[in-house]
Amino acid sequence: MERFIQMLCILAVMYAGYAVSVKKWDYETEAKREARRTALKTKGLSNTFYFIHARTLFLLNLLSGGLFVIYWLYRQWQAVLRGFKRLDGAPLKYGPLLRTVCGFATFFELNAVICRTCEYMRQKAPLPPWVWGTLWLAGLAGAVGLPAWPDRLISYIFFCGAPAVLQNRLNALPKNPIPARPKPGEIIAAAAALAGALGLIAAGRVFFAS
């Protein structure tokens, strides 16, 4: 628990620095607002995303051993790559499958696209990529590596919750509310993810027992 608290304190200090610097953009003049919009478009925005109720995403992740995030990442990148635009017209490299396979790295990039798009649409953006990306990876590491079960459970909740937080910000973009009931494809994906998680646990026990 002490290590987990130390990590949260470090993130809090880093966010405080962010809050008094980058976060405080000056929007007092139209010229500065236009300059900021141009900067966002230069880095790139997306006009399409994958929408699922944030609470549903969290529960499906929680009940599937955290592996439902693989399906979520694939559907998000599939949508983002279809609607991605930036001023120079250059597309994002690599397809949704490779970006999902490399999800531990591309999660940060997805977070950045969501942040820029939410800000451009004048909606509240999630915290910067390094915050949720670090919490997501630290949650996974803690859930797998920490010895005490309470610490592992807290870490697991962070791992499952970080994608849901990003999704919650995304869900403010459409005019219509996102239904909480999962789609059939999401239920199937969650069931497959649970089966995969149970298989990994069984394989791990056999490996470490031998």
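Enquirer: How do you make sense of the environment of L62 when you look at a structure like this?
Expert: In this fold, L62 is placed in helix 3 (residues 54-63). Overall, L62 belongs to the partly exposed group, its relative accessible area being 28%. Between the alpha carbons of L62 and Y156 there is a distance of 8.1 Å; along the sequence they are 94 residues apart. The contact partners of L62, leaving out residues within four places of it in the chain, are Y156 and C160.

Enquirer: Quick question: what am I supposed to make of the nonpolar core here?
Expert: A general trend in soluble globular proteins is that nonpolar side chains are found buried together. If you look at the biggest cluster of nonpolar residues, it comprises 32 residues, and the most contacted ones within it are W72 and L73. Elements that contribute at least two residues to this core include exactly helix 3, helix 4 (68-83), helix 6 (103-120), helix 7 (129-145), helix 8 (149-170) and helix 9 (184-209). Looking at which element gives the most residues to this core, the answer is helix 8, with seven residues. Excluding anything up to four places from it in sequence, W72 contacts Y50, I52, L57, F107, L110, P163, L166 and Q167.

Enquirer: Can you walk me through the packing of helix 6 against helix 7 in this structure?
Expert: Relative placement of two packed helices is described by the angle separating their axes and the distance separating the axes. Contact geometry of helix 6 with helix 7 gives a least axis separation of 9 Å together with a crossing angle of 150°. The angle between helix 6 and helix 7 places the two elements in the roughly antiparallel class. In this structure, helix 6 crosses over helix 7, and the sense of that crossing is right-handed. Taken together, the residues of helix 7 that come into contact with helix 6 (itself represented by G103, F104, F107, F108, N111, A112 and C115) are P129, W130, W132, G133, T134, W136, L137 and L140.

Enquirer: Just checking my understanding: could you explain helix 6 for this structure?
Expert: Structurally, the α-helix is built with 3.6 residues per turn, so residues lying three or four positions apart point the same way. If you check helix 6, its first and last C-alpha atoms are 25 Å apart, about what 18 residues at 1.5 Å a residue would give, namely 26 Å. Within the span of helix 6, buried status applies to G103, T106, F107, L110, N111, A112, V113, I114, C115, R116, T117 and C118. One or two residues past the end of helix 6 sits R122, with phi positive at roughly 60°.

Enquirer: Can you walk me through helix 8 in this structure?
Expert: An ideal rise of 1.5 Å per residue puts 32 Å on 22 residues; helix 8 measures up with 32 Å between its terminal C-alpha atoms. Within helix 8, burial applies to D151, S155, Y156, F159, C160, G161, A162, P163, A164, L166, Q167 and L170.

Enquirer: Is there a simple way to think about the pattern of salt bridges in this case?
Expert: In a structure, side chains of opposite charge can pair up when their charged atoms sit close to one another. Evaluated as defined, the whole model comprises five salt bridges. Residue R86 is joined to D88 by a salt bridge in which the shortest nitrogen-to-oxygen separation is 3.8 Å. Between R99 and E109 there is a salt bridge, with its nearest N and O atoms 2.7 Å apart. In this pair, R99 sits in helix 5 (residues 96-101) while E109 sits in helix 6, placing the two residues 10 residues apart along the sequence. By relative accessible area, E109 is classed as partly exposed at 30%.

Enquirer: In this structure, what is going on with unusual backbone geometry? I would like to understand it.
Expert: Most of the time, phi is negative for any residue but glycine, and the peptide bond is trans. In this structure, Y94 is a non-glycine residue whose phi angle is positive, near 75°. By the element assignment, Y94 lies in the loop between strand 2 (84-85) and helix 5. For Y94, a relative accessible area of 58% puts it in the exposed group. Of note in the backbone geometry, R122 takes a positive phi value of approximately 60° without being a glycine. By the element assignment, R122 lies in the loop between helix 6 and helix 7.

The rules behind these values
Residues numbered from 1 in each chain as written. Predicted model: local features only at pLDDT ≥ 70, side-chain atom pairs only at ≥ 80, totals over all residues. Heavy atoms only, no water. Helix = DSSP H or I, 4+ residues; strand = E, 2+ residues; numbered from the N terminus. Buried < 20%, exposed > 50% of the residue type's maximum accessible area, 1.4 Å probe, protein only. Contact = heavy atoms within 4.5 Å. Core = buried A, V, L, I, M, F, W, Y, C linked by side-chain atoms within 4.5 Å. Axes fitted to C-alpha atoms, helices over the stretch in contact; angles between N-to-C directions. Parallel < 35°, antiparallel > 145°, perpendicular 65-115°, else oblique. Left-handed = near helix turned anticlockwise from the far one by under 90°. Expected span 1.5 Å × (residues − 1). Salt bridge = Lys/Arg side-chain N within 4 Å of Asp/Glu carboxyl O.

Function-wise, these values are silent; they only describe arrangement.
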